[in-house]
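Observations on chain architecture
Residue-level listing of the chains:
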Amino acid sequence: MADITEGRREGSLDAPTRHPLAWKDEAFFQAGPLFHELERVYDICHGCRRCVSLCNAFPTLFDLVDESATLEVDGVAKDDYWKVVDQCYLCDLCYMTKCPYVPPHEWNVDFPHLMLRAKAVKFRAGGTPLRDRILTATDVVGRIASIPVVAQAVNAVNAMPAARRVLEKALDVHHEAPLPRFESRTARKRLAGADSRPAGARAGGPTTGRVALFLTCYGNRNAPDVTADLHAVLAHNGIEVVITQRENCCGMPKLELGDLESVERLKDGNLPELLRLVEAGYDLLAPVPSCVLMFKQELPLLFPDDPGVARVRAAFYDPFEYLAQRHKAGLLDTNFGSPLGRIAWHAPCHQRVQNVGQKTREILELVPDTTVTPIERCSGHDGTYAVKRENYAFAKKICRAVVQRVQEGAFDHYLSDCPMAGGLIEQGIGGQPATSAFALLRRAYGI
Ligand code: SF4
Ligand code: SF4
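Every chain's residues receive numbers from 1 upward, in the order its sequence appears when written. Here chains are named by letter from A upward and ligands by number from 1 upward, in the order in which they appear as written. Totals for whole chains, interfaces and linings use every residue, but because this is a predicted model, local features are given only for residues with pLDDT of at least 70 and side-chain atom pairs only at 80 or more, for both listing and counting.

**Let's talk about the site of ligand 2**
Residues are classed as near a molecule or strand if the C-beta position derived from their backbone is within 6 Å of it. Around ligand 2 lies a shell of 13 residues, among which Cys45, Cys48, Arg50, Cys51 and Cys99 are the nearest. By definition, any uninterrupted DSSP run of H or I lasting at least four residues is a helix, any uninterrupted run of E lasting at least two residues is a strand, and each is numbered from the N terminus. Contributing elements (two or more residues each) for the shell around ligand 2: α1 (31-48) and α4 (93-98). Counting residues per element, the shell around ligand 2 draws most heavily on α1, at three residues. Any residue that is not Ala, Val, Leu, Ile, Met, Phe, Trp, Tyr, Cys, Pro, Asp, Glu, Lys or Arg is counted as polar, Gly included; the first ten are nonpolar and the last four charged. By residue class, the composition of the shell around ligand 2 is ten nonpolar, no polar and three charged.

Put into structure tokens, the structure is as follows:
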């Protein structure tokens, strides 16, 4: 076991630096170096164990160690290393909120990116199930499932217990897991022609006052209301708003699979349109935190030498980070007509790791007679993790802490900035539906 008290200074006093992923080097995909690194980092984690409550990856690792003959990592069968990898959904919380051994610490622990490397090795070796390939093909599946009539049929089938049992048998999608609805009236259709181009949109702070919305697969086909509400709030504040003319998935689902070639293909498809908009003076926003994180963090670490990725990164904002900048510049309308009361706000992991602070709370609390209670715990949904048959029970267990906080608080509203997390929390609550921060702001403005 690594001696974590060996006189070394923990790195938490320095800002963490994240190293780019050297995935273009063939060594990245070689099993020998990968397993060597897994053993090194697993051993450090075994000596530390701070992350035991974050997700199911760490309890899986520690159980393997505690049940081994040596009670150390060297007693764990190498084949069992994959059990830990399979439980990581790359939320980044261990890296961003817990680990004192991240770079610049000399131990250089980046647990999520080590898991990503292992997933990439597994994917290239053909070890990824068909189910996972289908679930992460969000743009292809969404394009088909949101065709009129097909959307109604898919939604009806997804709501039938017998059909869900068949789906579970055929594809290992848990029969109780909440599946997203597909909407044939997508955000792209709803917002076509709704571009808001006020005369004299004003720049303020780092913002141009001109926004291009990257709709995202989910925000376009599964949660178009959320996207339309964001659009309305921006337009109400005198911001010029357009939507992208075309887009691919941001690549986050394929990243979680370790399918880095697909991530690159999707990135290459998205960059020309996003760069066109940035060059025309637009800032970029997306309604789903994971997609924002993809452009702000993951793509820059995967493609550190791509100047287009760097330009898009600099222009991308979390929506509430953007509104907070507008408020700081005196450009946010704070004439709210309706109080919102007591709100429970779940801050999703992929928003927390953007390190922008509690901007959703700051903005909602500008509304008179409104208090926001933050819940900074993982929901357990995490992309496709919660819908997989083998993970659903773990996801519900992770989500229970969030559900309890909402239930105990007698709140008027609850929401997550991630609509998928909101769906899992809503299932745990069973009754009052989750809302979105954009819908609440719209209500407060009376628009
Ligand atoms: S990235 Fe998230 S899911 Fe993966 S090990 Fe860290 S905390 Fe767990
Ligand atoms: S990721 Fe860091 S904080 Fe978490 S268990 Fe491992 S060494 Fe400890």
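**A word on the site of ligand 1**
Around ligand 1 sit 13 residues in total, of which Cys55, Cys88, Cys91, Cys94 and Pro112 are the nearest. Counting only elements with at least two residues in the shell around ligand 1, the list comes to α4 and α5 (111-124). With three residues, the top contributor of residues to the shell around ligand 1 is α5. Of the residues contributing to the shell around ligand 1, the split by class is twelve nonpolar, no polar and one charged.

**Concerning the domain arrangement of the protein**
Throughout, the edges of the domains are those of an automatic or database domain assignment. Considered domain by domain, the protein is made up of domain 1 (11-124), domain 2 (130-171), domain 3 (187-324) and domain 4 (334-445). Computed over C-alpha atoms, the centres of domain 3 and domain 4 are 22 Å apart. What counts as a contact here is a pair of residues whose C-beta atoms, placed from the backbone, lie within 7 Å. With 22 residues of domain 3 in contact, the opposing surface of domain 4 contributes 23 residues. Where the side of domain 3 that touches domain 4 is concerned, the elements lending two or more residues are α12 (224-236), α13 (252-257), α15 (289-302) and α17 (319-328). The greatest single-element share of the side of domain 3 that touches domain 4, amounting to six residues, is contributed by α12. The residue inventory of the side of domain 3 that touches domain 4, partitioned by class, reads 15 nonpolar, two polar and five charged.

**Some words on the pairing of strand β1 (residues 210-213)**
Paired strands are those between which DSSP finds at least two bridges. Pairing of β1 with strand β2 (residues 240-243) involves four bridges; the strand directions are parallel. By the bridge assignment for β2, Ala212 is matched with Val242.

**As for the pairing of strand β7 (residues 413-416)**
Three exposure classes are used. Buried residues have 20 or more other C-beta atoms within 10 Å of their own C-beta, exposed residues have 12 or fewer, and partly exposed residues fall in between, all C-beta atoms being placed from the backbone. Side chains His413 and Leu415 project from β7 onto one buried face, and the interleaved Tyr414 and Ser416 project onto a second face that is buried too. Inspection of the sheet shows strand β5 (residues 341-346) paired to β7 by four bridges, in the parallel sense. Across the sheet, residue His346 finds its bridge partner in β7, namely Ser416.

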